[in-house]
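Here's the letter readout for the chains.
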Amino acid sequence: GGGTIQTPPNLEGSLVFYAATIEVGQNFLRTLTVTNSGQATAIGLQNPRTDYGTATVNVASGSTSYPSWSTTLVGGQTIVYSLTMTATTPGVFWQTRTLTGRDINTGTTVYSGPFTSNVVTILEKPALQGSLTAYRPGAGAQAHLGQAFLAMLTVTNTGGVTAANV
C-alpha cells in the first residue's frame, strides 16, 4: 500500500511585547505567534522562555493565555497566543522563546529558535512631594483676616518619569 509522504513540521515563531516604554504598574499585551509551515503535524509542543534585563514583569491579575496553549499544531496552521502582562519593577526587559515538539509521523524532535522579543523599558512612576509655605512680608508667619500674604507651593518629582499637568 502506498501512503502520502509529508514534509516534516517546520516550526516558526515570533514574540512581541506591545509596549516600548511604560511605567511600573501598567499593563501591556504580549503575543506569541506559532506557525507550522510543514505538512506533518507537530505534537508535544513546548515553548520554554528565558527572561533578560533588569526589570521584572508578571502575568496580569486575572489574565490567562488566549487561546489556551495547544500541544498539537497541524501542518499549515498558525496560532497567535495573547496574554496581558504587568510591569512590576523598573529597568529593561525582553525574552527569548524556543519551540520544541515532535513529528507525528516519525517521532523526530523538531525545534525553532531561539527568537527574541522587542525590549520594553519600564520606568518608575512619578512620585510627587509637595510643601506649602505661607509668608507675610514684614510680619513673618502672621497674617490677619483681610491681609495679603504670599503662599509658595514647592513640588518635587522623585520618580523616574516626568509628571504632566502639575
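Quick caveat, the model's predicted, so the values are computed rather than measured.

Draft legend 1. Here's a closer look at the sheet that holds strand β1 (residues 11-18). The four strands lie next to each other as β1-β3-β7-β6, forming an open sheet whose pairing is antiparallel. Single-partner strands in this sheet number two, and they are β1 and β6 (56-59). Going from strand to strand, the sheet's axes swing by 30 degrees on average, the running direction of each strand aside. Pairing analysis gives four bridges linking β6 to strand β7 (residues 78-89), with the strands arranged antiparallel. Bridge pairing in β7 links N58 to T86.

Draft legend 2. The arrangement of unusual backbone geometry in detail. A cis geometry characterises the amide bond from Y66 onward to P67, with omega recorded as -10 degrees. Within the secondary structure, P67 is located in the loop between β6 and β7. A cis geometry characterises the amide bond from G113 onward to P114, with omega recorded as 5 degrees. Among the secondary structure elements, P114 is positioned in strand β9 (residues 109-116).

Draft legend 3. Examining the side chain of N36 more closely. Residue placement: N36 occurs in strand β3 (residues 27-36). Only 2.9 Å separates the side chain of N36 from the backbone nitrogen of G38, close enough to count as a polar contact. In terms of polar contacts, N36 uses its side chain to reach the backbone carbonyl oxygen of L73, at 3.0 Å. Contacts of N36, omitting those with residues within four sequence positions, involve P9, N10, L11, T41, A42, L73, V74, G75, G76 and Q77.

Draft legend 4. Local environment of the packing of aromatic side chains. Taken as a whole and assessed by the stated rule, the structure comprises four aromatic pairs. For the ring pair F17 and F28, a centre distance of 5.6 Å and an interplane angle of 85 degrees mean the geometry is edge-to-face. Separated by 11 residues along the polypeptide, F17 in strand β1 and F28 in strand β3 bring together distant segments of the chain. The buried category is assigned to F28, whose relative accessible area is 4%. Ring geometry for F17 versus F93: centroids 5.7 Å apart, planes at 50 degrees, classification tilted.

How each quantity is defined
Residues numbered from 1 in each chain as written. Predicted model: local features only at pLDDT ≥ 70, side-chain atom pairs only at ≥ 80, totals over all residues. Heavy atoms only, no water. Pairing = 2+ DSSP bridges. Helix = DSSP H or I, 4+ residues; strand = E, 2+ residues; numbered from the N terminus. Axes fitted to C-alpha atoms, helices over the stretch in contact; angles between N-to-C directions. Polar contact = N/O pair within 3.5 Å; in protein donor to acceptor, adjacent residues only side chain to side chain. Contact = heavy atoms within 4.5 Å. Phe/Tyr/Trp six-rings, centres within 6.5 Å; stacked < 30°, edge-to-face > 60°. Buried < 20%, exposed > 50% of the residue type's maximum accessible area, 1.4 Å probe, protein only.

These results come straight from atomic positions and should not be treated as a statement about function.
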